Amino acid sequence: MSHTPRLLDPGFDLTLRPMRYPQFYEMYRDAIRNTWTVEEVDFSLDVNDLKHKLGPAERHLIERLVAFFATGDSIVANNLVLNLYQHINAPEARMYLSRQLYEEALHVQFYLTLLDTYLPDPVARAKAFAAVENIPSIRAKAEFCFKWIDSIQGLQRIETVEQRRQFLLNLICFACCIEGLFFFAAFAYVYYLRSRGLLHGLASGTNWVFRDESCHMAFAFEVIRTAREEEPHLFDDELKAQVVRMLEEAVECEMQFAQDVLSGGVAGLSPKDMRQYLQYCADQRLAQLGLPKHFNATNPFAFMDLQDVQEVTNFFERRVSAYQVGVEGEVAFDAAF
Ligand SMILES: [Fe+2]
Ligand SMILES: [Fe+2]
């Protein structure tokens, strides 16, 4: 076949010029400009907070949170290599995925360092790293991810319409439910703690992870938008309904975790508010997919609004002072965050 392949046509296209999807190359370049390292994060204040400032309810919250972080990004990285890289057929898009894979490794390193710092006791540490096996509310989230990894694991080539829909559902799941919901919930706990004056080291590293995850989602949404433009019939009513059901399931899964995380009773952070926040995030994801909102929830967390401003400020400060990389042209921020 001599025709130009579409993005989801199977194969390993190597042609960079003429470039079919310059937007993916630009995303790759933006990501390179956004480089950070774990060594820049200062955890020294956190250690003092952990020793002296936390009650039992907050301590439980943090234990659960770091236990989730212990494996979350490794799961995302595995899906990226096993399921996404293979099927997104443009070399410039694969450059972005390579960079994303590095960033996921960086996140794994960040949380590894965090757990090693927060949990000096080897027994507690081993327990946190094994949470995916032992803690039901974390196990449930992992099972949700594995189910969607497995749904296309056997696909060598996505040839048929049905196979392409299966692929898109996997991609949508990882962008909307895992990066865009499970991780955003975790970030909300971190910024709640920061709003109480706690764990600023964790919060400062989270700023960078937060921005990375927003970019990962933006890339996924652009892949989905492109595939939809090239093959509009892929987005039928059944696929749209499946996306809504998937988001509902993810909200329930994350709520099971919230009930556990907040079981000690954390002042100013109720399961009811967390549900509303998750529904708000889910609606944002639907909007980013070009689909109508489903939950009609507003953001109940004022401390996440503050996050918008801080994220932007930190990003520009960093670009100018820390790295001396000139700020030129438009910097696209996720409209929602
Ligand atoms: Fe990540
Ligand atoms: Fe990610």
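Residues numbered from 1 in each chain as written. Chains lettered and ligands numbered in written order. Predicted model: local features only at pLDDT ≥ 70, side-chain atom pairs only at ≥ 80, totals over all residues. Heavy atoms only, no water.

As annotated in an unreviewed UniProt entry, the chain is Ribonucleoside-diphosphate reductase subunit beta from Lysobacter soli. The record in UniProt for the chain states the following under Catalytic activity (unreviewed entry): "a 2'-deoxyribonucleoside 5'-diphosphate + [thioredoxin]-disulfide + H2O = a ribonucleoside 5'-diphosphate + [thioredoxin]-dithiol". Here the chain is described in UniProt, under the heading Function (unreviewed entry), as follows: "Provides the precursors necessary for DNA synthesis. Catalyzes the biosynthesis of deoxyribonucleotides from the corresponding ribonucleotides." (UniProt positions renumbered as here; feature names shortened; annotations may be inferred.)

(A) Molecular detail of the coordination of the iron ion (ligand 1). Note on the iron ion (ligand 1): its protein donors are Asp73 (OD), Glu104 (OE), His107 (ND1) and Glu213 (OE). The metal-donor distances range over 1.9 to 2.2 Å. Relative to the metal, the four donor atoms surrounding the iron ion (ligand 1) lie at angles of 97 to 137 degrees, and the coordination shape comes out irregular. (Donors = N, O, S within 2.8 Å, 3.2 Å for Na, K, Ca; no water. Tetrahedral: all angles 85-135°; square planar, octahedral: opposite > 155°, others 65-115°.)

(B) Just the packing of aromatic side chains, in detail. In this structure the tally under the stated criterion is 22 aromatic pairs. Over the aromatic face of Phe68 sits the side chain of Lys141, whose NZ or CZ is 3.7 Å from the ring centroid. (Phe/Tyr/Trp six-rings, centres within 6.5 Å; stacked < 30°, edge-to-face > 60°. Lys NZ or Arg CZ within 6 Å of the ring centre and 35° of its normal.)

(C) The arrangement of the environment of Phe303 in detail. With respect to the secondary-structure elements, Phe303 resides in helix α12 (residues 302-322). Given a relative accessible area of 11%, Phe303 falls into the buried group. Distance from Phe303 to Ser195, taken between C-alpha atoms, is 6.4 Å for residues 108 residues apart in sequence. Phe303 has contacts with Ala188, Tyr191, Tyr192, Ser195 and Leu269, leaving out every residue within four places of it along the chain. (Helix = DSSP H or I, 4+ residues; strand = E, 2+ residues; numbered from the N terminus. Buried < 20%, exposed > 50% of the residue type's maximum accessible area, 1.4 Å probe, protein only. Contact = heavy atoms within 4.5 Å.)

(D) Region of the structure containing the packing of helix α3 (residues 56-84) against helix α4 (residues 91-118). α4 packs onto α3 with a crossing angle of 160 degrees between their chain directions and a minimal axis gap of 9 Å. Between α3 and α4, the crossing angle belongs to the class labelled roughly antiparallel. By crossing handedness, the relation of α3 to α4 is classed as left-handed. Seen from α3, the contacting residues are Ile62, Val66, Phe69, Ala70, Asp73, Ser74, Val76, Ala77, Leu80, Val81 and Leu84; seen from α4, they are Leu97, Gln100, Leu101, Glu104, His107, Val108, Tyr111, Leu114, Leu115 and Tyr118. Counted by class, the contact of α3 with α4 contains 16 nonpolar, three polar and two charged residues. (Axes fitted to C-alpha atoms, helices over the stretch in contact; angles between N-to-C directions. Parallel < 35°, antiparallel > 145°, perpendicular 65-115°, else oblique. Left-handed = near helix turned anticlockwise from the far one by under 90°. Nonpolar A, V, L, I, M, F, W, Y, C, P; charged D, E, K, R; others polar.)

(E) Local environment of the coordination of the iron ion (ligand 2). Surrounding the iron ion (ligand 2) are the protein donor atoms Glu104 (OE), Glu179 (OE), Glu213 (OE) and His216 (ND1), at 2.0 to 2.2 Å. Around the iron ion (ligand 2), the four donor atoms sit at angles spanning 91 to 156 degrees, and that spread fits a shape best called irregular. Counting residues between consecutive donors of the iron ion (ligand 2) along the chain gives the motif E-x74-E-x33-E-x2-H. A separation of 3.3 Å is found between the iron ion (ligand 2) and the iron ion (ligand 1), both of which receive a donor from Glu104. A residue pair is termed long-range when its members are at least 10 positions apart, and Glu179 in helix α8 (residues 161-195) and His216 in helix α9 (residues 200-230) qualify at 37 residues. Owing to a relative accessible area of 3%, Glu179 belongs among the buried residues under this scheme.

(F) The arrangement of the environment of Ala105 in detail. Tracing the backbone shows Ala105 in helix α4. Judged by relative accessible area, Ala105 falls into the partly exposed class, the value being 45%. Taking the C-alpha atoms as reference, Ala105 lies 7.4 Å from Ser74; in sequence the two are 31 residues apart.

(G) The arrangement of the UniProt feature "binding site: Fe cation 1" (unreviewed entry) in the chain in detail. UniProt marks Asp73, Glu104 and His107 with the feature "binding site: Fe cation 1" (unreviewed entry), using the numbering shown here. A maximum C-alpha distance of 6.5 Å among these annotated residues, which run over 35 residues, shows that they cluster at one spot. Inspection of the secondary structure puts Glu104 in helix α4. Those residues in contact with Glu104 that sit more than four places away from it in its chain are Asp73, Val76, Ala77, Glu179, Glu213 and His216. In contact with His107, not counting residues within four places along its chain, are Trp36, Asp73, Val209, Asp212, Glu213 and His216. A polar atom in the side chain of His107 sits 3.2 Å from the side chain of Asp73. (Polar contact = N/O pair within 3.5 Å; in protein donor to acceptor, adjacent residues only side chain to side chain.)

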